[in-house]
Amino acid sequence: MNIDWLHESFRIGRLSYWTGYADEAECVVSTGNGWQITKDGEGERYSLVCYHQELALGFTLQIESENEQITITLPRASILEKGTNRFGSMLFLPDFARHREGDEGYYILPQQSGVLSRFCGKREAVYRIGVYGSGISECNMPIFGVETPDFLDCAVLKPGNCDATIELATAQGPDKEYRIAFRWFFRHEFNVRRQNFPLVCEDFVLVLKRLGHTSLSPVAQLAEYYRELRLSRGEIEPISERMKRYPALANAVKSPEIRIRLAVKWPFPCEVPHQTPENEPEVHVFCSFEDCKTIIDHFKRAGIQHLNICLVGWAAKGHDGRYPQILPVEESLGGESKLRELIQYCQNAGYFITAHDNHCDAYEISEDPIDEILVHSQEGFPLKDGVWGGGQSYKSCPKAMYETYTPRNYDIIRNLGFRGTHFTDCLSTIGLSVCWNEKHPITKAECAEWRCKILAMAKEKMGSIECEGCFDFALGVLDRCFYIQTDSGRPGHSALLSRDYVDEIVPLYEMTYHGILLYNICRDSINAVPKSWTYLQNLAFGGLPSFYFYSSFSTKHWTPDGRPVAIKGRPRDFSMFDLEQEASDVRHSEVDYVETLGDLQTQFFTDYRKLSEDVTCSHYSDGSRVYVNRGSTDAVLEGVTVPANGFVRVVSG
């Protein structure tokens, strides 16, 4: 993997900068475009000092090359701005992975589970896919791959991964060229000009690795390389090791998850954005603490052995009611005494029971002062988020939360008696924010670090930790995530597949982190009906089942997997009518996912192959193969008969 950095036609990058007049401009970084590039050192380690006299801008690259791998570092301290121009961003090595229409191969992108983008049939466009950026569980790993007939190139960004996007260009110009590269941001937040503010990025370290082809699929090779890289750095630890120290995690490995939504202010989404005690909407109860006992009784009668039950909307004024305030326990559900009874009742039944909480949002209606904990923009204004149960929410700074309300709230939750895989919202699924509040300023990288500290505190107090999404900066502490994809990826039903650059969804994330993280693959697989397409897709991708009583709690009409679960304009309250069927579905899932396949949760997911339109095969590190047939007729492949709408596990030997 040789790079001729000094050749006049070689483009180190495309630098975007602000001029002294606040105009934005872009300049190709190359010796043929006025840049003085001086090489300092020879052999496997050397530096490139890059400076443009007219622009008065410069930076240094530190290069290490060894065994088909190049490590490139751009230290933030090396950035020079001697005049009035200011660094904005740089698309680094824009031609590293250049291809043309019809070339054989594809890009591998870490978007949700993972996608393939082939070099053909695309419209001319440029996409910026934020690493840990806006959007739910979009680009959740700072990597990409380039597969060709001759080799597989892997690109990994660390550190600097919190200040980057993956930029994908398709069908560019008359030759219809395709490119993929990281764009590094030096000053960037919410697309506002930042030329007069300090640099807030980390050093950028990019690792480029060329792999030869093996018996594994290219996606599996990329997953294996990145997983082993992180394991060798000590950034992640296998579940099999962590569960020795955390009994709650050992339980989670064999437990379907049941989330029970208890209460929320109605209607929802809230119609009163700025709430006061005088105009605060009434709380609607979906399921009381006493109703939860009935649900537990049904689960026990259905023969369900292990569960992690999570209560949603138990705190003051229900789901997202008054954060960071969580007390008193919502009185309309039965209050604190009934909650304590329920917790003990659940634990006596042999199940774990935990609480849902939130450390990202703050509401004006909270009795706790919130002004001192909010994320501020560079202009000094608090940043708004969505409108939820408590009305208009504001972004909480994780550093300020950790130092004020987080310890108190976790002590409250622990003292109520909750134990198990605790759930906290959003910390590993919403975009990172720079906080300019002068009392607790943080960069995006520091934002990620403080979020992980919040997750770690919950884990130590409750025994295990789950979050909504799966940005992998959190995987040094996170045990379980609620979903990886926003939809199932089913052809004809997938928003991700409908994007022009996406040709196929692949389990890149799952093959990287299975055995490290417990997960459910998508929102649609919550409450998935046994033998349905989505139920089987979750199984094929190595997931664990998740259920919600009930998914419907808003005025939106949602019918996942073909099962009506909501009536438009009305909430779905607890009733005995379908509880027996729901308990049966949970038990069926426990048999399939836990009793038949549960031991695989501590194995690595080593490969995934599509054998036909309907049948796939998932490989695990213990030698097991799981064949899944999403079709309506039995299939015989590789000497294995796979029943219609079913699966077969073949054990090595």
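Coordinates for the structure precede this section.
The sections below set out a description of the structure shown in this document. (Residues numbered from 1 in each chain as written. Predicted model: local features only at pLDDT ≥ 70, side-chain atom pairs only at ≥ 80, totals over all residues. Heavy atoms only, no water.)

### Notes on the overall build of the protein
For the record, the criterion: A run of DSSP states H or I qualifies as a helix once it reaches four residues; a run of E qualifies as a strand once it reaches two. Both are numbered from the N-terminal end. Only the C-alpha atoms count toward the radius of gyration. The rule for a globule is 2.2 Å times the residue count to the power 0.38. Think of it in three bands: residues with accessible area under 20% of the maximum for their type are buried, residues over 50% are exposed, and the middle band is partly exposed, with areas taken using a 1.4 Å probe on protein chains only. Throughout, a residue-residue contact means that at least one pair of heavy atoms, one from each residue, lies within 4.5 Å.
Helix and strand counts for the protein stand at 11 helices and 37 strands. Over its C-alpha trace the protein gives a radius of gyration of 26 Å, about what one expects of a compact globule, namely 26 Å for 653 residues. If one aligns the C-alpha atoms of the protein with their principal axes, the spans along those axes are about 75 × 65 × 45 Å. Within the protein, the fraction of its 653 residues that count as buried is 61%. Contacts in the protein between residues far apart in sequence, at least 24 positions, make up 68% of those at least 6 positions apart.

### Let's talk about helix α5 (residues 335-348)
The criterion, for reference: In a helix, the anticipated span is given by 1.5 Å times the number of residues less one. The directions from the helix axis to the C-beta atoms are what the arc is built from.
For α5, with 14 residues, the first-to-last C-alpha span of 20 Å sits near the 20 Å given by 1.5 Å per residue. The complete set of buried residues in α5 reads Gly 335, Leu 339, Leu 342, Ile 343 and Cys 346. Projected down its long axis, α5 shows its buried positions confined to an angular sector of 105°, all on one face. Following α5 by one or two positions, Gly 350 adopts a phi angle in the positive range, close to 95°.

### Comments concerning the nonpolar core
Put simply, the test is: Put simply, buried Ala, Val, Leu, Ile, Met, Phe, Trp, Tyr and Cys residues joined by side-chain atoms within 4.5 Å make one nonpolar core.
In terms of nonpolar packing, the biggest core is built from 188 residues, with Trp 5, Leu 311 and Trp 314 touching the most fellow members. In terms of residue count, helix α8 (residues 444-462) provides more of this core than any other element does, 10 residues in total. If near-sequence neighbours (up to four positions away) are discounted, Trp 5 is found in contact with Phe 10, Ile 12, Tyr 46, Leu 48, Leu 61, Ile 63, Ile 72, Phe 92 and Leu 93.

### Some remarks on the sheet that holds strand β33 (residues 615-620)
Put simply, the rule reads: Being paired, for any two strands, means DSSP has found at least two bridges between them. Lines are fitted to the C-alpha atoms to define the axes, a helix being fitted only along its stretch in contact, and any angle between axes, read from their N-to-C directions, falls within 0 to 180 degrees.
Taken in spatial order, the four strands line up as β32-β33-β34-β37 in an open sheet, and their pairing is antiparallel. Two strands lie at the open edges of the sheet, namely β32 (605-610) and β37 (646-650), each paired on one side alone. Going across the sheet, the axis of each strand differs from the next one's by a mean of 15°, ignoring polarity. The pairing of β32 with β33 spans five bridges and is classified as antiparallel. Bridge assignment links Asp 607 to a residue of β33, and that residue is His 619.

### A word on empty space enclosed by the protein
Convention followed: Buriedness of a pocket was judged along seven lines, with at least five required to meet protein on both sides within 12 Å; pockets are open sets of points on a 1 Å grid over the protein atoms alone, cavities are sets where a 1.4 Å probe fits but cannot get out, and lining residues have an atom within 4 Å of a point. Grid points are joined across faces, edges and corners, and a volume is the space filled by probe spheres set on the points. The nonpolar class holds Ala, Val, Leu, Ile, Met, Phe, Trp, Tyr, Cys and Pro. Asp, Glu, Lys and Arg form the charged class, and all remaining residues, Gly among them, are polar.
The full count for this structure, using the stated rule, is seven cavities of 30 Å³ or more. Each pocket or cavity is described by its volume, and for the largest cavity that value is around 100 Å³. Lining the largest cavity are His 359, Cys 360, Val 375, Lys 395, Ser 396, Pro 398, Leu 427, Ile 430, Gly 431, Ser 433, Cys 447 and Arg 451. Class assignment of the residues belonging to the lining of the largest cavity gives a composition of six nonpolar, four polar and two charged. Of the volumes computed, that of the second largest cavity is approximately 70 Å³.

### Notes on the sheet that holds strand β26 (residues 420-425)
In sheet architecture, strand pairing relies on hydrogen bonds along the backbone and comes in two forms, parallel and antiparallel. Strand order in the open sheet formed by eight strands is β30-β28-β27-β26-β22-β21-β18-β31, with parallel pairing between adjacent strands. A strand with exactly one partner marks an edge of an open sheet, and here the two such strands are β30 (518-519) and β31 (546-549). Pairing analysis gives two bridges linking strand β28 (residues 480-481) to β30, with the strands arranged parallel. Of the residues in β30, the one forming a bridge with Cys 481 is Tyr 519. Lying over the sheet, helix α11 (residues 579-596) contacts β18 (257-261) and β31, oriented at roughly 165° with respect to β31.

### With respect to the packing of aromatic side chains
Applied cut-off: What counts as a ring pair is set by centres within 6.5 Å for rings of Phe, Tyr and Trp (its six-membered ring), and what kind of pair is set by the plane angle: stacked under 30 degrees, edge-to-face over 60, tilted for all other angles.
Per the counting criterion, the structure on display carries 28 aromatic pairs. Judged by centre distance (5.9 Å) and plane angle (55°), the ring pair of Trp 35 and Phe 59 falls under tilted. A residue pair is termed long-range when its members are at least 10 positions apart, and Trp 35 in strand β3 (residues 35-40) and Phe 59 in strand β5 (residues 57-66) qualify at 24 residues. Where Phe 423 meets Phe 482, the ring centres are 5.8 Å apart and the plane angle is 85°; that geometry is what we call edge-to-face. Taken together, the residues span a long stretch of sequence, with Phe 423 in strand β26 and Phe 482 in the loop between β28 and β29 (504-505) at a distance of 59 residues. Summarising the burial analysis for this pair, Phe 423 and Phe 482 share the class buried. Taken together through their ring pairs, the aromatic side chains of Trp 35, Phe 59, Phe 87, Phe 92, Trp 184, Phe 186 and Phe 204 make up a single cluster.

### Quick word on the pairing of strand β17 (residues 204-211)
Burial runs high along β17: seven of the eight residues are buried. Note that strand β6 (residues 69-74) and β17 share six bridges and pair antiparallel. Bridge pairing in β17 links Ile 72 to Leu 206. Direction of pairing for strand β14 (residues 152-157) relative to β17: antiparallel, over a ladder of six bridges. Residue pairing in the sheet places Val 156 in a bridge with Val 207 of β17.

### Considering unusual backbone geometry
Omega for the peptide link from Lys 158 to Pro 159 comes to -10°, which places this bond in the cis form. Note that the residue after Trp 266, namely Pro 267, is joined by a cis bond; omega there is 0°. Positive phi values are uncommon outside glycine, yet Tyr 132 reaches one of about 55°. Inspection of the secondary structure assignment puts Tyr 132 in the loop between β12 (125-130) and β13 (143-147). Judged by its relative accessible area of 2%, Tyr 132 falls in the buried class. Its identity as a non-glycine residue notwithstanding, Asp 320 has a phi of 55°, on the positive side. Positionally, Asp 320 belongs in the loop between β21 (308-312) and α5. Exposure remark for Asp 320: the relative accessible area of 6% places this residue in the buried category.

### Things to note about the side chain of Gln 112
Operational definition: Here a polar contact is recorded for every N or O atom pair within 3.5 Å, except that within protein the pair must consist of a potential hydrogen donor and a potential acceptor, and residues adjacent in sequence are included only if both atoms are side-chain atoms.
In this fold, Gln 112 is placed in the loop between β10 (106-109) and β11 (115-118). The buried category is assigned to Gln 112, whose relative accessible area is 0%. Looking at Gln 112, its side chain comes within polar contact range of the main-chain nitrogen of Thr 486, at 2.8 Å.

### Looking at helix α10 (residues 533-540)
Each α-helix winds once per 3.6 residues, and so residues spaced three or four apart point in a common direction. The buried fraction of α10 is high, at eight of eight residues. Within the span of α10, buried status applies to Trp 533, Thr 534, Tyr 535, Leu 536, Gln 537, Asn 538, Leu 539 and Ala 540. Looking at the buried residues of α10, the elements they touch are α11, β32, β33, β34 (625-629) and β37. Remark: Gly 542 follows α10 within two positions and exhibits a positive phi of approximately 85°.

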